Amino acid sequence: MLNFFKNQSVNLRIFRRVSTMVFPKILLTRTMPPETQKLIENAQDIELIHWKDGSIPRDQLLKLVPGVSGILCMITEKIDSEVLDVAGPNLKVVSTNSVGYDHVDLNELRKRKILFGYTPNVLTDATAELTALLVLAAARRMREGICAVENGEWKKWSPVWLLGTQLTNKTVGIVGLGRIGAATAHRLKPFLGANGKIIYTANSDKQAATELGATRVKFDMLIREADVICICCSLNNQTREMFDYDVFKVMKKNVILVNTARGPIIQQDDLIRALSEGLLGSVGLDVTTPEPLDPDHPLLKFSNVTVIPHLGSATLETRTTMGNLAVENVLAGVRGQPLPSPLEL
Ligand SMILES: O=CC(=O)O
């Protein structure tokens, strides 16, 4: 059976099989890493509709989704009742290329008995590594150092210039000691020395807490006591804007705050206010509201804030493994097989 693809536009490719049979359609909303892309293009029992150039605009998503049996989406696509209505009754499975699923209306999927696949576990190491990187970068004023070199402000070595702080003896507070929170704590623990502490709150993985020697505390206590706060929880109604001005006000003055989870867990206008008032030590953000952040955004004016563009899982190894899992989820769903990585709805 031969494949051919029809170049509908610069952005779109449709892979059809040369056959009299009708194959289930899968909409893939982005170009994946090469190995993953091959995996889905080589599936002989589907018709692939591939939006290949950048993030799919909402109107194109709504135009391409009617009649599909599977959707392989990214965190950038809102999968809500409108998309599901337009997709229609053929839709069997939604597979997201992410561990987070705040962009997907799970209630609507449940109501319609549509299966849902996601990619937990496989991105834990990459995301924890990046969280630890942001903590260290914030502590050692990495952004200011790089800017100083690039702007010609690097004069002679000085005993008092760009002094950061080190993690020895510090208390690290993990908000959300789940997979990523625990893996982050494991990475940071060796920096703390014998007198450092790990405290945590919410979504606790008890076994991980025991292995880490971490202490569970109330949120109010964590924000007061921690020298370093890592936001590793998922975004939901309880965690949305959990970090607001009242929270920033009671944090330690030199606190290091890192968010690699979701932007809206922080009330960003309040963060800007707290930074303007000098309430926080140093901030590292892999996630913001919105994404992407405008280059003129006020948040980027603070030299003690490092913002990177949602890179938590962005290694070739992890994005390939994630992508392959997301492809296996969507293929299993359209084939009527159990998903390798489902979320029970
Ligand atoms: O943010 C990334 C993810 O949810 O995988």
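The structure this text deals with has already been given above.
Residues numbered from 1 in each chain as written. Predicted model: local features only at pLDDT ≥ 70, side-chain atom pairs only at ≥ 80, totals over all residues. Heavy atoms only, no water.

*Asks:* Any chance you could explain the sheet that holds strand β14 (residues 305-307) here in plain terms?
*Replies:* Strands belonging to one sheet form pairs held by backbone hydrogen bonds; the direction of such a pair is parallel or antiparallel. Taken in spatial order, the seven strands make up an open sheet running β10-β9-β8-β11-β12-β13-β14, and their pairing is parallel. Unpaired on one side and paired on the other, β10 (215-216) and β14 mark the two borders of the sheet. Bridge count between strand β8 (residues 171-175) and strand β9 (residues 197-201): five bridges; the pairing is parallel. Considered in β9, the bridge of T171 is made with K197. Set on the sheet, helix α5 (residues 124-139) makes contact with β11 (228-231), β12 (256-259), β13 (282-285) and β14; between it and β12 the angle comes to about 150°. Sheet strands in contact with helix α7 (residues 179-192) are β8, β9 and β11, and its direction is about 175° off that of β8. (Pairing = 2+ DSSP bridges. Helix = DSSP H or I, 4+ residues; strand = E, 2+ residues; numbered from the N terminus. Contact = heavy atoms within 4.5 Å. Axes fitted to C-alpha atoms, helices over the stretch in contact; angles between N-to-C directions.)

*Asks:* What exactly am I supposed to notice about the pairing of strand β5 (residues 70-73) here?
*Replies:* A two-sided burial pattern is seen for β5, the buried positions comprising G70 and L72 on one face and I71 and C73 on the other. Of the pairings in the sheet, the one linking strand β3 (residues 25-28) to β5 comprises three bridges and is parallel in character. Bridge pairing in β5 links I26 to G70. Assessed by its sense of winding, the connection that carries the chain from β5 through helix α3 (residues 81-87) to strand β6 (residues 93-96) is right-handed. (Buried < 20%, exposed > 50% of the residue type's maximum accessible area, 1.4 Å probe, protein only. Right-handed = clockwise from strand over helix to strand, strands pointing away.)

*Asks:* Any chance you could explain unusual backbone geometry here in plain terms?
*Replies:* Negative phi values dominate among residues other than glycine, just as trans dominates among peptide bonds. With an omega dihedral of -5°, the bond running from T289 to P290 counts as a cis peptide bond. Tracing the sequence through the fold places P290 in the loop between β13 and β14. Of note, the amide linkage connecting E291 to P292 takes the cis form, showing an omega dihedral of -5°. Note that P292 resides in the loop between β13 and β14. Of note in this structure, H310 is not a glycine but carries a positive phi near 50°. Structurally, the position occupied by H310 is in the loop between β14 and α12 (316-335).

*Asks:* Explain the site of the ligand here, please?
*Replies:* The environment of the ligand is formed by S98, V99, G100, L123, R262 and H310. Between the ligand and the protein, one listed contact pairs an oxygen atom with a backbone N or O atom of V99 at 2.8 Å. Separating an oxygen atom of the ligand from a backbone N or O atom of G100 is a distance of 2.7 Å. Starting from 190 Å² of accessible surface for the ligand in isolation, the protein chains cover 87%. The residue makeup of the shell around the ligand, split by class, is two nonpolar, three polar and one charged. (Near = heavy atom within 4 Å. Polar contact = N/O pair within 3.5 Å; in protein donor to acceptor, adjacent residues only side chain to side chain. Areas by Shrake-Rupley, 256 points an atom, 1.4 Å probe, with all protein chains shown as cover. Nonpolar A, V, L, I, M, F, W, Y, C, P; charged D, E, K, R; others polar.)

*Asks:* Looking at this structure, how should I read the pairing of β12?
*Replies:* Where a strand is regular, its side chains alternate between the two sheet faces. Burial of β12 is two-sided: the residues I256 and V258 facing one way and the residues L257 and N259 facing the other way are all buried. Looking at chain direction, β11 and β12 are connected through four bridges and run parallel. Bridge pairing in β12 links I229 to L257. Handedness of the β-α-β unit built from β11, helix α10 (residues 245-250) and β12 comes out right-handed. Bridge analysis of β12 against β13 gives four bridges, and the strand direction is parallel. Residue pairing for β13: V258 is matched across the bridge by G284. You can see the chain leave β12, run along helix α11 (residues 268-276) and come back into β13, and the turn it takes is right-handed.

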